[in-house]
Each structure stands twice: as C-alpha cells, then as structure tokens.
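What follows is each chain in one-letter form.
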Amino acid sequence: MTELLIKNTTLVQIREPNISILKGNNFQTLPILENAWIHCQNDRILDYGTMENCPDVRGQVIDATGRYVFPSWCDSHTHLVFAAYREQEFVQRISGMSYAEIAASGGGILNSARRLRAMPEAELFQAAHQRLKQLIASGTGAIEIKSGYGLSAAGELKMLRVIKRLKAVSPIPVKASFLGAHALPAEFKEDRKGYMDLLINELLPVIVEEELADYVDIFCEKGFFSVAEAERMMEAGNKYELRAKIHTNQFNSMGGIEAAIAHKALSVDHLEVVNEAEISALINANVIPTLLPSAPFFLSDHYPPARQLIDAGLPVTLASDFNPGTSPSGKMAFVVALACIKMKMLPDEAINAATLNGAAAMELEKDYGSITKGKIANLFITKPMPSVAYIPYGFTEEIVDRIVINGQLSAKELV
Ligand SMILES: [Zn+2]
C-alpha cells in the first residue's frame, strides 16, 4: 500500500461525489479549502481536511506551504497523434495566405494525411508518446485523442492502433475518437458518398471489432462535411453504441448543433460561430458545449461567445484542440488563460471548464476532474503563487511544479 500526504496547502476544486457536471451557480463558483491536507492511498484520494485535524500518515509527506493542489486538467479534445508539425503553413499565413488557400494548395489536413500515411506506425507511436508525456508533465491527467489524419482505411486504422497503444502504456486515461470524416481525401474528390460508405460500411465494423474507438466524430463545416453526412455518421456510431463528439460551428452555423442534439451526441466542439436559436436548443439538451480558444488564437479568428453560453446556464467546457495546423500546443493552463483574456471567463469558471466539465466530456467524471473522496488521485502541485487567479494572469509561467498520477508523486521529468 502506498500513502501520500500533502499538507499546509490550499485544495482547489473540492466537490461532493454527486456533482458530475458544472453549470449555473455551480459553474460560477470554485470551492477551495485553505490551510489543508490531502491524503492519497494507493491510486485514490482517501480523505482531506484542514490542518487542525491533519492525520499522521506513514508514507511520503509533502509540505506544500504557499502552493495549491489542483485536480489535473481534463483535455477532452486533441489530435495528439500526427506525423509532423506544419510551421511552413504558419509562415504562409503570416505572409497573407488564408487557411482555405493553404488547404486548396495541398496544405492543411491533407498535408498531415500525406505525411501520416508515409510514417511507420512505430515512429508515429514514439512521437505521440513523447507529446503525451510532455502534456502529463504540464498537468494534464485525462485526455481524448482523435484519428483523422489517415483519411484512408489503412491510415485511419494505423492512427487508431497508435491511440490504442497509447491507452495501454499511458498512466492517465485516454479516450479515442474516430474522425475519419476530418477532410475529404483527394482520391474521393468526386465521390463523397463513396468515402462515407468506406468509413461507415468498411472501417467502422473493424474499429468496433478491434475496440479502437470510444466515440465517433466528424468535421461538420462548409468545404468539409455536411449536416446530412454528420447525421449519417452519428447514426452509424449509435448503432454500435459509440456516441458522437463533433466538430461544428467553427466557421459557419449550418445545423450541426441541432443534428448533434437529435442524435444524443456527448459534445459539440468549437462553437466560434453560434446563434441564439442554437444556444436555446442547447439549454434543453444533454450535449456539452466545448470551446477550444487556442484555435482562434492561433488563426487570429474570433472567439466563441463564452459569456452568452455561460449566462444561458450551459456546462461550458474547455479543451486544447492540440493539432499541428491550428493549435500546436496542448497546454491547458494556457487554454485557461486564453478563456479569461479573450472570452471574459472568470478564472474560477475557466478552471471548472478545464477540470470537471472536461472529465464529463469524456464520461470520466466519476473518477476524475475534482478533489473528491474516492476519486483517482491525479493532481498537480503548483509553484508558490498568491491566488488561483494567478494561473491565467501569469499566462506564460510554468505553474505546475510537481504532479501526482494515480496517487504517486512523480518528478516531472520521470513521467
Ligand atoms: Zn479538433
């Protein structure tokens, strides 16, 4: 049995076990406990309290005076597996080319697909594993990873098998989403239906058989996939009990949100462009709105109307969208900073959105996302800092000092 006691600290995001997703008043408050201790036994949080009742624990004891203990970030939307960064396109964009022009000239997602298809599975795994370790060291304690750079039967299966290998070796939970419908591959330019048939009739049964995905996804957007195609993908997923997490409303509002609600999707992600009718529809639905502010930051585009969504009482969630084209960073502390600086979310709200709500957007809220007795002890200890608001305020600072994964204190470089 391993025992870990962290004492003289401030605990952040303390919740009772019955709180599974945060909206309304719960979203606007972030419960903290000052002058506190937390006791982890084996991989779980056993108990916590204030220093007057600090237990005598035989095991590792950490004095965290001046520091805060957070539940790890829960990043519910990433494209962590890819073959290469795309910094040349970044330079092209600075020089005046648009994302659409770059995509039309063979860049963008199709560029990533070309490189991914050429890379052996072992190398792809190594590169993604390295990135995953870096994210864990930066405080991420649960993550979702999408396919979508294969865009062929072999390429998509290769990616999903890499994600499955990551699941097997990762000390944090990994959820996999099948995003074969990320972009239309050049070979199917004149045969959209043929590509959808390939994904749904040929690939999906193999994916289910090999247990390669937890969710289905599709990029529902002008120039990518239509609402009808999104509906078809979500229906196909539902047949296999794979819920949908879809990309929608990044550049246009075209009905993706309503379709996601009708098909009982788990989350709708992006929402840079969202109208009042869509917000009202979400109020009565059980679909989690997930915002990815790193993408509009990197593209110098406009941000989702976070305040409107919050004021409507929705359980807003934040994720990194880590990908080589539009968000080459998976740092959740920076996502929290962007949410505050660019979307006027209060620090408490942004932290709620990046922890417990992120866990809910991966159906991991029973075990992750808050400091709750009985949950898995995935935590980070900050450097000394004056208050919780210092995290988004000190937006370039590496605030995570030490991490606890499955109740074990890790030196960050040893992850
Ligand atoms: Zn994405």
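Peer 1: Looking at this structure, I do not really get the overall build of the protein. What am I missing?
Peer 2: The number of helices and strands found in the protein is 16 helices and 16 strands. The C-alpha atoms of the protein give a radius of gyration of 21 Å, which matches the 22 Å a tight globule of 415 residues would have. Expressed as lengths along the three principal axes of its C-alpha atoms, the size of the protein is roughly 70 × 45 × 45 Å. Considering the protein as a whole, with its 415 residues, one finds that 50% of them fall into the buried category.

Peer 1: Looking at this model, I keep getting lost on the sheet that holds strand S13 (residues 317–318). Mind explaining?
Peer 2: Adjacent strands of a sheet pair through backbone hydrogen bonds, lying either parallel or antiparallel. Taken in spatial order, the 8 strands make up an open sheet running S6-S7-S8-S9-S10-S11-S12-S13, and their pairing is parallel. Looking along the sheet, the strands with just one partner apiece sit at the ends: strand S6 (73–75) and S13. Pairing between strand S11 (residues 267–270) and strand S12 (residues 288–291): 3 bridges, direction parallel. Note that in S12 the partner of Asp-269 across the bridge is Thr-290.

Peer 1: Sorry, what's going on with the domain arrangement of the protein here?
Peer 2: Think of interface size as the accessible area that goes away when the parts come together; that is how it is often given. Examined at the domain level, the protein breaks down into domain 1 (3–71 + 367–414) and domain 2 (74–360). Put simply, the middle of domain 1 and the middle of domain 2, counted by C-alpha atoms, are 29 Å apart. Opposite the 28 residues of domain 1 that make contact, domain 2 presents 31 residues. Where the side of domain 1 that touches domain 2 is concerned, the elements lending two or more residues are helix H1 (24–28), helix H16 (390–393) and strand S15 (400–405). By residue class, the composition of the side of domain 1 that touches domain 2 is 16 nonpolar, 9 polar and 3 charged.

Peer 1: Sorry, what's going on with the pairing of strand S8 (residues 174–181) here?
Peer 2: For S8, the buried fraction is high: 8 of the 8 residues fall into the buried class. Sheet topology note: the strand S7 (residues 140–146)/S8 ladder contains 4 bridges and is parallel. Each residue of the ladder has a partner; that of Ile-143, found in S8, is Val-174. Two strands pair when backbone bridges link them, and S8 and strand S9 (residues 215–220) are joined in this way by 3 bridges, in the parallel orientation. Within S9, the residue paired with Ala-181 across the bridge is Ile-218.

Peer 1: Before we go on, may I ask you to explain helix H7 (residues 192–209) in this structure?
Peer 2: Each α-helix winds once per 3.6 residues, and so residues spaced three or four apart point in a common direction. The end-to-end C-alpha distance of H7, which contains 18 residues, comes to 25 Å, matching closely the 26 Å that a straight helix rising 1.5 Å per residue would cover. Of all bends in H7, the biggest is about 45 degrees, found at Leu-203, and the proline Pro-205 comes one to four residues later. Within the span of H7, buried status applies to Tyr-195, Met-196, Leu-199, Ile-200, Leu-203, Leu-204 and Ile-207. Turning to H7, the residues buried within the fold contact helix H6 (153–169), S8 and helix H8 (227–239). Positioned one or two residues after H7, Glu-211 has a phi angle of 50 degrees, which is positive.

Peer 1: Can you walk me through the packing of H6 against H7 in this structure?
Peer 2: The geometry of a pair of packed helices is captured by two quantities: the angle between their axes and the separation between those axes. Where H6 meets H7, the closest approach of the two axes is 11 Å, and the angle between their N-to-C directions is 35 degrees. As for how H6 packs across H7, the hand of that crossing is right-handed. Of H7, the residues touching H6 (which contributes Ala-153, Glu-156, Leu-157 and Leu-160) are Leu-198, Glu-202, Leu-203, Val-206 and Ile-207.

Peer 1: What exactly am I supposed to notice about unusual backbone geometry here?
Peer 2: Most of the time, phi is negative for any residue but glycine, and the peptide bond is trans. Although it is not a glycine, Asn-8 adopts a positive phi angle of roughly 55 degrees. In this fold, Asn-8 is placed in strand S1 (residues 3–12). Unlike most non-glycine residues, Glu-363 shows phi in positive territory, near 55 degrees. With respect to the helices, strands and loops of the structure, Glu-363 is situated in the loop between helix H15 (356–360) and strand S14 (379–382). Residue classification places Glu-363 among the partly exposed residues on the basis of 14 C-beta atoms within 10 Å.

Peer 1: Help me understand the environment of Ala-281, please; the structure alone is not making it clear to me.
Peer 2: Its location among the elements puts Ala-281 in helix H10 (residues 276–283). Taking the C-beta count within 10 Å as the criterion, Ala-281 has 16 such neighbours and is therefore assigned partly exposed. Sequence separation between Ala-281 and Ile-257 is 24 residues; the distance between their C-alpha atoms is 8.2 Å. With residues near it in sequence (within four places) discarded, Ala-281 still touches Ile-257, Glu-258 and Ile-261.

Peer 1: Would you take a moment to explain the nonpolar core for this structure?
Peer 2: One finds Val-336 and Ala-339 to be the most contacted residues of the largest nonpolar core, which totals 126 residues. The greatest single-element share of this core, amounting to 9 residues, is contributed by helix H13 (residues 332–343). Each of domain 1 (3–71 + 367–414) and domain 2 (74–360) gives at least three residues to this core. Once residues lying within four places of it in the same chain are set aside, the contact partners of Ala-339 are Pro-293, Ala-306, Leu-318, Met-345, Ala-350 and Ala-353.

Peer 1: Just checking my understanding: could you explain the environment of Lys-23 for this structure?
Peer 2: Note that Lys-23 resides in the loop between S1 and H1. In this structure, the C-alpha to C-alpha distance between Lys-23 and Asp-311, residues 288 residues apart in sequence, is 9.5 Å. If near-sequence neighbours (up to four positions away) are discounted, Lys-23 is found in contact with Gly-313, Leu-314 and Pro-315.

Peer 1: I tried to follow the environment of Ala-265 on my own but got confused; where do I start?
Peer 2: You can see Ala-265 is positioned in the loop between helix H9 (256–262) and S11. In this structure Ala-265 comes out as buried when scored by C-beta crowding, with 28 C-beta atoms within 10 Å. Between the C-alpha atom of Ala-265 and that of Asp-217, which follows or precedes it by 48 residues, the distance is 9.5 Å. Filtering out sequence-adjacent residues up to four positions away, Ala-265 remains in contact with Met-234, Arg-243, Ala-244, Lys-245, Ile-246, Ala-260 and Val-287.

Peer 1: Would you take a moment to explain helix H4 (residues 108–118) for this structure?
Peer 2: Of the residues making up H4, those classed as buried are Ile-109, Asn-111, Ser-112, Ala-113 and Leu-116. Looking at the buried positions of H4, the neighbouring elements they touch are helix H5 (121–137) and H6.

The rules behind these values
- Residues numbered from 1 in each chain as written.
- Predicted model: local features only at pLDDT ≥ 70, side-chain atom pairs only at ≥ 80, totals over all residues.
- Helix = DSSP H or I, 4+ residues; strand = E, 2+ residues; numbered from the N terminus.
- Rg over C-alpha atoms; globule rule 2.2 N^0.38 Å.
- Buried ≥ 20, exposed ≤ 12 C-beta atoms within 10 Å, placed from the backbone.
- Pairing = 2+ DSSP bridges.
- Domains from an automatic or database assignment.
- Contact = placed C-beta atoms within 7 Å.
- Nonpolar A, V, L, I, M, F, W, Y, C, P; charged D, E, K, R; others polar.
- Expected span 1.5 Å × (residues − 1).
- Bend = angle between axes of the 7 residues up to and from the residue.
- Axes fitted to C-alpha atoms, helices over the stretch in contact; angles between N-to-C directions.
- Left-handed = near helix turned anticlockwise from the far one by under 90°.
- Core = buried A, V, L, I, M, F, W, Y, C linked by C-beta atoms within 7 Å.

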